[in-house]
Amino acid sequence: KPNPNPAPEFSHAAARVLLVEDDQVNLEIARQTLEDAGLVVVPALSGCEAVALAQLLPFDLILMDLQLPDIDGWEATRRIRQHRSAEPNPPIIALTGTLHDDDRERSLAAGMDACEEKPLTRTMLERLLSRHLPLHERAGGPEAAAMSAEHLQQLFDASAARLIAELHAARKAGDRSRIERAAHTLKSAAARLEHRSLSEACATLELLARGNTPELDDAI
């Protein structure tokens, strides 16, 4: 049976990509897109982990989430650029669930090459590769097996439970930045699986946390 969505021939096979994403659902979806294009994916679940990996391994491309559980994507990028100042620097592309007005400016100031809004699609990937990577000769080989809907839902359930616990802990601690970050991540993951009501509720919570409004306590 022919594949109704064949992977595009990007001619960038074997390029190594550092994928920085703290949510397991978003990470697996992006990983699938990258591996379908023949790219080698190395995941990092935090900004500090991304910095450490970038110091150990050469990468052709880095895809950097902005909202991360330790240092944010901007700070991680600054540290990577500082460490690799005397070496060839890989392109670093910001990927964010919600693209705010100043995100591109902040990303460029931190040393990133571009800022894009999630999800990472095949069309976006093709554009990013053609713009930011030199061409590699495409190697053959089997495509990565597609994730089942059941597996993806299991990943989401585990991730959502962790993030909801983080929201309650952040509320108890009175830490609005933690609330905003957890709501942002859960919003993005819920949107990927079309859990619209949860995604919309998290979007509202994210705005309340950012706006320092008294309604926040009643929203969680």
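Residues numbered from 1 in each chain as written. Predicted model: local features only at pLDDT ≥ 70, side-chain atom pairs only at ≥ 80, totals over all residues. Heavy atoms only, no water.

(A) Spatial organisation of the pattern of salt bridges. One pass over the full model with this rule turns up twelve salt bridges. Ionic pairing is found between D36 and R122, a salt bridge with its closest N-O pair at 3.1 Å. You can see D36 sitting in helix α1 (residues 24-36) and its partner R122 sitting in helix α5 (residues 122-132), a full 86 residues away along the chain. Overall, the relative accessible area of 29% leaves R122 in the partly exposed class. Between E180 and R210 there is a salt bridge whose closest N-O contact spans 2.9 Å. Placement of E180 in helix α7 (residues 176-192) and of R210 in helix α8 (residues 196-211) is noted, with a sequence separation of 30 residues between them. For E180, a relative accessible area of 16% translates into the label buried. Take R210: its relative accessible area is 34%, and that puts it in the partly exposed class. Within the structure, one salt-bridge network assembled from shared partners comprises E180, K187, E206 and R210. (Salt bridge = Lys/Arg side-chain N within 4 Å of Asp/Glu carboxyl O. Helix = DSSP H or I, 4+ residues; strand = E, 2+ residues; numbered from the N terminus. Buried < 20%, exposed > 50% of the residue type's maximum accessible area, 1.4 Å probe, protein only.)

(B) Representation of the sheet that holds strand β2 (residues 40-44) within the structure. If you trace the five strands from one edge of the open sheet to the other, you get β2-β1-β3-β4-β5, paired in parallel fashion. Strand pairing shows two members of the sheet lacking a second neighbour, β2 and β5 (114-117), which therefore form its edges. Strand-to-strand, the axes of this sheet are offset by a mean angle of 20°, without reference to chain direction. (Pairing = 2+ DSSP bridges. Axes fitted to C-alpha atoms, helices over the stretch in contact; angles between N-to-C directions.)

(C) Just the layout of surface pockets, in detail. The calculated volume of the second largest pocket comes to roughly 230 Å³. Along the walls of the second largest pocket sit 17 residues, with Q67, D72, W74, R106 and E180 positioned nearest its centre. Listed by contribution, the elements that provide at least two residues to the lining of the second largest pocket are α4 (103-110) and α7. Sorting elements by how many residues they give to the lining of the second largest pocket places α7 first, with three residues. Tallied by class, the residues present in the lining of the second largest pocket amount to four nonpolar, five polar and eight charged. (1 Å grid on protein atoms, 1.4 Å probe; cavity = no way out; pocket = protein on both sides within 12 Å on 5 of 7 lines; lining within 4 Å. Points joined across faces, edges and corners; volume = space filled by probe spheres on them. Nonpolar A, V, L, I, M, F, W, Y, C, P; charged D, E, K, R; others polar.)

(D) View of helix α2 (residues 47-56). Looking only at α2, the buried set comprises G47, A50, V51, L53 and A54. Projected down its long axis, α2 carries its buried residues within an arc of 165°, all on one side. If you check the start of α2, you find a side-chain oxygen 3.1 Å away from the backbone N of E49, and it comes from S46. (Arc of directions from axis to C-beta. Polar contact = N/O pair within 3.5 Å; in protein donor to acceptor, adjacent residues only side chain to side chain.)

(E) Region of interest: empty space enclosed by the protein. Considering all chains together, one arrives at one cavity of 30 Å³ or more under this definition. In this structure, the largest cavity encloses a volume near 120 Å³. Contributing to the lining of the largest cavity are 13 residues, with E21, N26, A30, K118 and L120 lying nearest its centre. Listed by contribution, the elements that provide at least two residues to the lining of the largest cavity are β1 (16-20), α1 and α7. The leading source of residues in the lining of the largest cavity is α1, at three residues.

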